[in-house]
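The chain contents come next:
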Amino acid sequence: MKDAGRYREERYKYAVDVASGLFLERGIDGVKMTDIAENCGIGVASLYRFFETKTEIVIRAGIIIWDKIRSDFMNYVSEDTGKTGIENLKYALAYYKKLYDDHKDAIKFLDDFDQLMLSEKVEKERLVDYEKSIVNFSEPFKAAVEKGRQDGSVRKDVDVSEVYVAVTHALIAVCQKYIRGEILPKDDFSLAGKEIEKILEITAAYLAA
């Protein structure tokens, strides 16, 4: 019985891993349950025994994708610049540009994910595990601010938590807009990277003492 349970768990994890790769490659709408089953080498009926709906496997895939972003983020922030607080803050903020440059497929998935959860009216209780997996970028951000306040390079009269939330929401939303593509006649996203950098510069300038 233990072997059977272990085998089922391995097949479950494998299906989620395969699905996450397909979602990143084709987008959520571009992947059917039959595609996932075929790439797993199992019948679609077997896949439905693991996941009652496609939405459920999308949620599980989202957790894996966030895990990969977390790994990349932790490797990035492990490099201590050893400079002033404001310089460390600029370095921490620069990850958002790296996220846009290196993980466009993940940003697209996250945008599609939000739209799917809203359209399907998924209950918040079903997203508890997903929410726990979301990478929290605040630790190095706040550490840099605290260092800057001590060395005099970062202002002391702002609520760092409020600034962090505002900047995070703004940058993620902007990145998602660029990933969706141009819509209006005057839209030109060829300089998207530079525009993200400008937002980061404005944020750093606002926080600098």
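Residues numbered from 1 in each chain as written. Predicted model: local features only at pLDDT ≥ 70, side-chain atom pairs only at ≥ 80, totals over all residues. Heavy atoms only, no water.

Undergrad: How should the pattern of salt bridges be read in this particular structure?
TA: Where charged atoms from two side chains of opposite charge come close, those side chains can pair. Following the criterion strictly, the structure yields 15 salt bridges and no others. In this structure, Arg180 and Asp111 form a salt bridge, with 2.7 Å as the shortest nitrogen-oxygen distance. Taken as a pair, Arg180 in helix α10 (residues 160-180) and Asp111 in helix α7 (residues 104-119) lie far apart in primary sequence, 69 residues in all. Since its relative accessible area comes to 6%, Asp111 is described here as buried. Between Asp157 and Arg155 there is a salt bridge whose closest N-O contact spans 2.7 Å. Under the relative-accessibility criterion, Asp157 is labelled exposed at 57%. Here the residues in one salt-bridge network are Glu56, Arg60, Glu123, Arg126 and Asp129, joined through shared partners. (Salt bridge = Lys/Arg side-chain N within 4 Å of Asp/Glu carboxyl O. Helix = DSSP H or I, 4+ residues; strand = E, 2+ residues; numbered from the N terminus. Buried < 20%, exposed > 50% of the residue type's maximum accessible area, 1.4 Å probe, protein only.)

Undergrad: Any chance you could explain the nonpolar core here in plain terms?
TA: Note on soluble globular proteins: their nonpolar side chains tend to be buried together. Phe23, Ile36, Ile69, Phe113 and Phe141 are the most contacted members of the largest nonpolar core, which totals 63 residues. Sorting elements by how many residues they give to this core places helix α4 (residues 54-77) first, with eleven residues. Residue contacts for Phe23: discarding those within four places in its chain leaves Ile28, Val31, Ile36, Lys54, Ile57, Val58, Ala61 and Phe109. (Core = buried A, V, L, I, M, F, W, Y, C linked by side-chain atoms within 4.5 Å. Contact = heavy atoms within 4.5 Å.)

Undergrad: In this structure, what is going on with the packing of α7 against α10? I would like to understand it.
TA: For any two helices packed against each other, the geometry comes down to the angle between their axes and how far apart the axes lie. Following both chains from N to C, one finds α7 and α10 inclined at 100°, their axes separated by 9 Å at the closest point. Classified by the angle between their axes, α7 and α10 sit roughly perpendicular to one another. Between α7 and α10, the residues in contact are Lys104, Ile107, Lys108, Leu110, Asp111 and Asp114 and Cys175, Gln176, Ile179 and Arg180, respectively. Taken together, the residues of the contact of α7 with α10 break down into four nonpolar, one polar and five charged. (Axes fitted to C-alpha atoms, helices over the stretch in contact; angles between N-to-C directions. Parallel < 35°, antiparallel > 145°, perpendicular 65-115°, else oblique. Nonpolar A, V, L, I, M, F, W, Y, C, P; charged D, E, K, R; others polar.)

Undergrad: Would you mind going over the environment of Ala94 with me for this structure?
TA: Summarising the element assignment, Ala94 is placed in the loop between α5 (85-93) and α6 (95-102). Separated by 25 residues in sequence, Ala94 and Ser119 place their C-alpha atoms 33 Å apart. Those residues in contact with Ala94, other than ones at most four positions away along the chain, are Tyr76 and Leu200.

Undergrad: It is not clear to me how the layout of surface pockets should be interpreted in this structure. Could you clarify?
TA: One water molecule sets the probe size; rolling that probe over the atoms shows where empty space is left. Roughly 650 Å³ of internal volume is contained in the largest pocket. Trp66, Asp114, Tyr130, Ile134 and His169 are, among the 24 residues lining the largest pocket, the residues nearest its centre. Counting residues per element, the ones that place at least two in the lining of the largest pocket are α7, α8 (128-133) and α10. No other element matches α10, which puts seven residues into the lining of the largest pocket. Residue composition of the lining of the largest pocket, grouped by class: 16 nonpolar, four polar and four charged. (1 Å grid on protein atoms, 1.4 Å probe; cavity = no way out; pocket = protein on both sides within 12 Å on 5 of 7 lines; lining within 4 Å. Points joined across faces, edges and corners; volume = space filled by probe spheres on them.)

Undergrad: How do you make sense of unusual backbone geometry when you look at a structure like this?
TA: What you tend to see is this: most non-glycine residues have negative phi, and most peptide bonds are trans. Of note in this structure, Lys121 is not a glycine but carries a positive phi near 50°. Inspection of the secondary structure assignment puts Lys121 in the loop between α7 and α8. Overall, Lys121 belongs to the exposed group, its relative accessible area being 68%.

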